[in-house]
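# Coordinates in review
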Amino acid sequence: MTAVLKPTLARCLWVAPAFAALAILITVAARSIFGMTPVLQESTLLTVAYIAGGIGFIVGIGGFDYWFTWMKGGELDPNDHSQHGARSWGDYFKFNTDHKVIGIQYIVFTFIMFLVGGMFAEVFRSELARPGQQVLTDQQYSGLISQHGVIMIFVFMVPVFAGIGNYVIPLMIGAADMAFPRLNALSFWLLPVAAFTLLSSFMFGSFDGGWTGYPTLSEQSGYGMTLYQLGIQLAGASSIATAVNFLVTIITMRAPGMTLFRMPLLVWANLATSALVVAATPFIAGAQFMAMFDREMGTHFFTVAGGGDTLVYQHIFWFYSHPAVYIMILPGFGIISEVIATHARKPVFGYRAVAFSSAGIAILGFAVWAHHMFASGMEPWLRVPIMLSTLLIAIPTGIKIFSWLGTMWGGVLRMTTANLFAIGFIFTFVIGGLSGVMLAVVPFDVSITNSYFIVAHFHYVLFGGSIMTIYAGFYHWFPKVTGRMYNEVVGRWHFWITFVAMNITFFPMHYQGLVGMPRRVADYAPEFAWSNMVISLAAFVLGASTLIFVYNMIHSARHGKKAGANPWGGLTLEWLLSSPPPIFNFPATPRVIGGPYRYGEEGAKHAIVPEVEPATVETTV
Amino acid sequence: MSAATDHSAPQIQPYRTGLRPEILGLIIFLVSEAALFGAFFMYYANLRVLNGIVWPGEFDIPAEATSINTLILVLSSFTCEFALLSLYKRKNGAVFAWLLATFILGAIFLGLQVEEYRIVGFTPQDEATGAIFFTLTGLHGVHVFIGLVLLLLGMIRALAGRWSPERHSGLLAISIYWHFVDIVWVLLFTVVYCLPSS
């Protein structure tokens, strides 16, 4: 009986519906008191039920228990660690404040969402395998491609980096946890709510205006569109909360001696990303609020008939969503720097330049949004400045590419799966980057806009870029997280099948786009039949290769051979701990005595972790 | 089982105590809040500058009456600061009194805003002008409401004697938030109420 009162998933099962029911009651009461007709407006009631149910879920899981005590004016124990750390399986399904547990929760949950989003892609690829329509209606096709994009971006790629960062960043900077452990747990538990909101839109005909949700399409869609707008708000709130947490953690909780230029590059990348998230994400929230008011309250933000402006949605949307592209790749850049330096046994080439280029990308990222709108009919004078700033952003990105090449140059490369993914990433990301530079040029962009060339470009930077870095990171830190080694042979199979299938899937799309095949259409001209069949077959192989990875991770986590504390010979702080790390990370405050990548120096150390806390050590610096 | 009694559990605390994490976190959060208002101001600027809409058009936005309301909110920023100053002088009764004064001023502000909505003569559904006017002021109103709740909690904790010069982060956070809401209002009042199209 007590299980339904304690903060568990069981409590969610009744608290969330109770909140939703209460909200519906209040709304119906309010509507009848104020004489609004009809009293039982279905879309309004559903919307308040979703919002209240989401809050109820967080309350049920225990997200507000601590703050509720504070609100009552109660005494709090800042050193109450009762929710900290996983001692059994069940703890991963609870509100847990340990950054390592939260990291795993994030990674596993978002990876499941990756599989779901990938399944959607396989379904519409089977539709696209042959001309004509066999499997899906137009409506279903549009719904699936929209869901594929939104799930991949908002509940996989953005949060999975938060997950990897959650696990690794506090270890890397020598902290016991994140700065706000409860906020951290809260931001994770917002994600299942967001995912549920987005996926459940299938019950209402899904949203089918593409992942961008442009008006006027979004104003004409079914109720699923409102759930898209709500789901993005929730995922956005989660990522802002995590970003605030990362920024405060990185700024205030670095171990003594860890100056800014002794931070590992993943920490730098996360600092830049978090700043981007904090400053940019509210813009998509604003855009979705306005679009939702248009749908649910009958305002005229984006309806021209009511004096509104349709195009400004795109401006506000891309003011977030272009920086979001960097949110989805900057942490990946950081991972690649870690992986390549460790596996090439060399210091990172041009450490400071790489650190500054992260900051440069973050700042320039705000000045390029309108390159998504060259063909939209926006103000013509905006085109050339945006084209120039877009071309300019290739420079800090190029700095990173040359840094990785320079790091590998003359190094003793260990071709582990992690390193293979890192090297494969450089290859595919450069292709995506080059087509990006092509797209920045206005005449070229205008001529191929909305064709498969765009699809090819962003899959090369998102699959060939972000997902390759995510895999590299998974393999690199797998021994640290589980304490066991993954199967290297299976890992290599996974890499090669993924790499080859990925290129066969996405490379022909360049050609299709250049000869004029439009995106977001379920059917196509017969001359594209052959290339589409190849793409679909490769996409199925690509999907199957993911299962190899899942098998490798699950099997190796249970039966892999023991990894020991430092299987890669890494110098950064996380490798100085046992694998998996103790519940409270460091037995005593570590001291950082040098740069993070002093590979190749005899006896060089980045940091020292004392066995016990010396009584006299002054821990404030 | 409980880690609260775990002897190996160290205190989770920042190494750099010069920066208080909760205050830094609040300031970063307020940057993101400012960006949220920024999205709506961006829409507003686009409407007036690029689309050249005459503001506020045929609608009447009562700038004079609202200027008094603005004064009330600015005043509440001072009373909020006095609460903090009294705390540093360990006058716990005064802390409660000043918080109460701030709360009352904030509540008057919110009440007058609602009254303005009632008499202003247009609705959010009237043109883009009405939509953005109500959304900007409404978003600010929601922030004032959250501020009032926080002030209430601050008073509850003041009565429970939880504030002291050594443990005042919560009160400091409430006051920073309240000042933020105030600053946003001054900006909003200037551009939305006092900047009609000529």
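The rules behind each value
- Residues numbered from 1 in each chain as written.
- Chains lettered and ligands numbered in written order.
- Predicted model: local features only at pLDDT ≥ 70, side-chain atom pairs only at ≥ 80, totals over all residues.
- Heavy atoms only, no water.
- Helix = DSSP H or I, 4+ residues; strand = E, 2+ residues; numbered from the N terminus.
- Rg over C-alpha atoms; globule rule 2.2 N^0.38 Å.
- Contact = heavy atoms within 4.5 Å.
- Buried < 20%, exposed > 50% of the residue type's maximum accessible area, 1.4 Å probe, protein only.
- Areas by Shrake-Rupley, 256 points an atom, 1.4 Å probe, with all protein chains shown as cover.
- Buried area = accessible area lost by both parts, 1.4 Å probe.
- Salt bridge = Lys/Arg side-chain N within 4 Å of Asp/Glu carboxyl O.
- Polar contact = N/O pair within 3.5 Å; in protein donor to acceptor, adjacent residues only side chain to side chain.
- Phe/Tyr/Trp six-rings, centres within 6.5 Å; stacked < 30°, edge-to-face > 60°.
- Axes fitted to C-alpha atoms, helices over the stretch in contact; angles between N-to-C directions.
- Parallel < 35°, antiparallel > 145°, perpendicular 65-115°, else oblique.
- Left-handed = near helix turned anticlockwise from the far one by under 90°.
- Domains from an automatic or database assignment.
- Nonpolar A, V, L, I, M, F, W, Y, C, P; charged D, E, K, R; others polar.
- Expected span 1.5 Å × (residues − 1).
- pLDDT = per-residue confidence, 0-100.

## Considerations on the overall build of chain A
Scanning chain A for helices and strands turns up 19 helices and 2 strands. The C-alpha atoms of chain A give a radius of gyration of 25 Å, which matches the 25 Å a tight globule of 621 residues would have. For the C-alpha atoms alone, the extent of chain A along its principal axes is close to 70 × 60 × 50 Å. Here the contacts in chain A between residues at least 6 apart in sequence split such that 80% fall between residues at least 24 apart.

## Brief notes about the overall build of chain B
When you go through chain B residue by residue, the secondary structure sums to 5 helices and 0 strands. From first element to last, N terminus to C terminus, chain B shows the α and β order α-α-α-α-α. Across the 198 residues that make up chain B, the buried fraction comes to 49%. Residue pairs at least 24 apart in sequence account for 82% of intrachain contacts in chain B once pairs closer than 6 positions are excluded. When the accessible area of chain B is evaluated, it comes to approximately 9,100 Å², of which 69% is carbon and sulfur surface.

## Examining the interface of chain B and chain A
Taken together, the contacts link 50 residues of chain B with 60 residues of chain A. Approximately 4,600 Å² of surface area, both sides summed, lies buried where chain B meets chain A, with 68% of it carried by carbon and sulfur atoms. There are 0 salt bridges connecting chain B and chain A. The interface formed by chain B and chain A holds 7 residue pairs in polar contact (both at pLDDT 80 or more) in total.

## Considerations on the packing of aromatic side chains
Each aromatic ring pair is specified by the distance between its two centres and by the angle formed by the two planes. Residue and element names in this part refer to chain A. On inspection of all chains with the given rule, the structure shows 68 aromatic pairs over all chains. Seen in terms of ring centroids, Phe421 and Tyr471 are 5.1 Å apart; in terms of plane orientation they differ by 40 degrees. Their pairing is tilted. You can see Phe421 sitting in helix H15 (residues 417-440) and its partner Tyr471 sitting in helix H17 (residues 452-482), a full 50 residues away along the chain. Phe421 gets classed as buried once you look at its relative accessible area, which sits at 0%. Relative accessible area serves as the criterion here: at 2%, Tyr471 is assigned to the buried category. Relative to Tyr486, the ring of Phe478 has its centre 6.3 Å away and its plane inclined at 70 degrees; by these criteria the two rings are edge-to-face. Among the residues examined, Phe478 registers a relative accessible area of 7% and is labelled buried. Looking at Tyr486, the relative accessible area reads 5%, which means it is buried.

## Comments concerning the side chain of Gln105(A)
Residue and element names in this part refer to chain A. Within the fold, Gln105 resides in helix H4 (residues 99-128). Judged by its relative accessible area of 6%, Gln105 is buried. Within the structure, the side chain of Gln105 is placed 3.1 Å from the backbone oxygen of Lys94, a separation counted as a polar contact.

## Notes on the environment of Ile104(B)
Residues and elements named next belong to chain B. With respect to the helices and strands, the residue Ile104 is situated in helix H3 (residues 92-119). On the basis of relative accessible area, Ile104 is assigned to the partly exposed category, the value being 44%. Note: C-alpha distance between Ile104 and Ser76 (28 residues apart in sequence) is 8.6 Å.

## Quick notes on the packing of H3(B) against helix H5 (residues 169-193) of chain B
The angle between the axes and the distance between the axes are what describe a pair of packed helices. Residue and element names in this part refer to chain B. Between H3 and H5, the least distance of the axes is 13 Å, while the angle of their chain directions is 30 degrees. Judged by the inter-axis angle, H3 sits roughly parallel to H5. Every pair of crossing elements has a handedness; the one defined by H3 and H5 is left-handed. Contact with H3, carried on its side by Val95, Leu99, Thr102, Gly106, Phe109, Gln113 and Glu116, involves Leu171, Trp178, Trp185 and Tyr193 of H5 and no other residues of that element.

## Some words on the environment of Lys89(B)
All names here are of chain B. Considering the arrangement of structural elements, one finds Lys89 in the loop between helix H2 (63-88) and H3. Taking relative accessible area as the criterion, Lys89 reaches 58% and is therefore assigned exposed. Note: C-alpha distance between Lys89 and Ser164 (75 residues apart in sequence) is 9.4 Å.

## A few points about the domain arrangement of chain A
Residue and element names in this part refer to chain A. Under the domain assignment, chain A is made up of domain 1 (1-73) and domain 2 (96-559). Domain 1 and domain 2 are separated by 32 Å when their C-alpha centres are compared. Where domain 1 abuts domain 2, roughly 1,300 Å² becomes buried across the two surfaces, and 80% of that area is made up of carbon and sulfur atoms. On the surface where domain 1 and domain 2 come into contact, there are 3 residue pairs in polar contact (both at pLDDT 80 or more). Taken together, the elements giving at least two residues each to the side of domain 1 that touches domain 2 come down to helix H2 (42-61) and helix H3 (65-71). For the side of domain 1 that touches domain 2, the residue count by class is 10 nonpolar, 5 polar and no charged.

## A word on the pattern of salt bridges
Taken as a whole and assessed by the stated rule, the structure comprises 6 salt bridges over all chains. Two residues, Asp91(A) and Lys94(A), come together in a salt bridge whose shortest N-O distance is 3.7 Å. Accessibility expressed as a relative area gives 9% for Asp91(A), which makes it buried. For Glu166(B), the salt bridge goes to Arg90(B), with nearest N and O atoms at 2.7 Å. Taken together, the residues span a long stretch of sequence, with Glu166(B) in the loop between helix H4 (127-159) and H5 and Arg90(B) in the loop between H2 and H3 at a distance of 76 residues. According to the relative accessible area criterion, Arg90(B) is exposed, its value standing at 53%.

## Considerations on H3(B)
All names here are of chain B. The end-to-end C-alpha separation of H3 is 41 Å, in line with the 40 Å expected for 28 residues at 1.5 Å each. Within H3 the residues assigned to the buried category are Val95, Leu99, Thr102, Leu105, Gly106, Phe109, Leu110, Gln113 and Glu116. Check the buried side of H3 and you find it contacts H2, H4 and H5. Gly121 sits one or two residues past H3 and shows a positive phi near 90 degrees.

## As for the packing of H4(A) against H17(A)
Residue and element names in this part refer to chain A. One way to put it is that H4 packs onto H17 with a least axis distance of 13 Å and a crossing angle of 145 degrees. Regarding H4 and H17, the two cross each other, and that crossing is left-handed. Across the interface between the two elements, Ile104, Ile107, Phe111, Phe114, Arg125 and Leu128 from H4 touch Tyr452, Phe463, Ile467, Tyr471, Phe474 and Val481 from H17. Across the contact of H4 with H17, the residue classes tally to 11 nonpolar, no polar and 1 charged.

## Remarks on the confidence of the model for chain B
Mean pLDDT over chain B stands at 87; residues scoring 70 or higher make up 90%. Counting interchain partners and residues more than four positions distant, the pLDDT-below-50 stretch residues 1-12 of chain B has 25 contacts.

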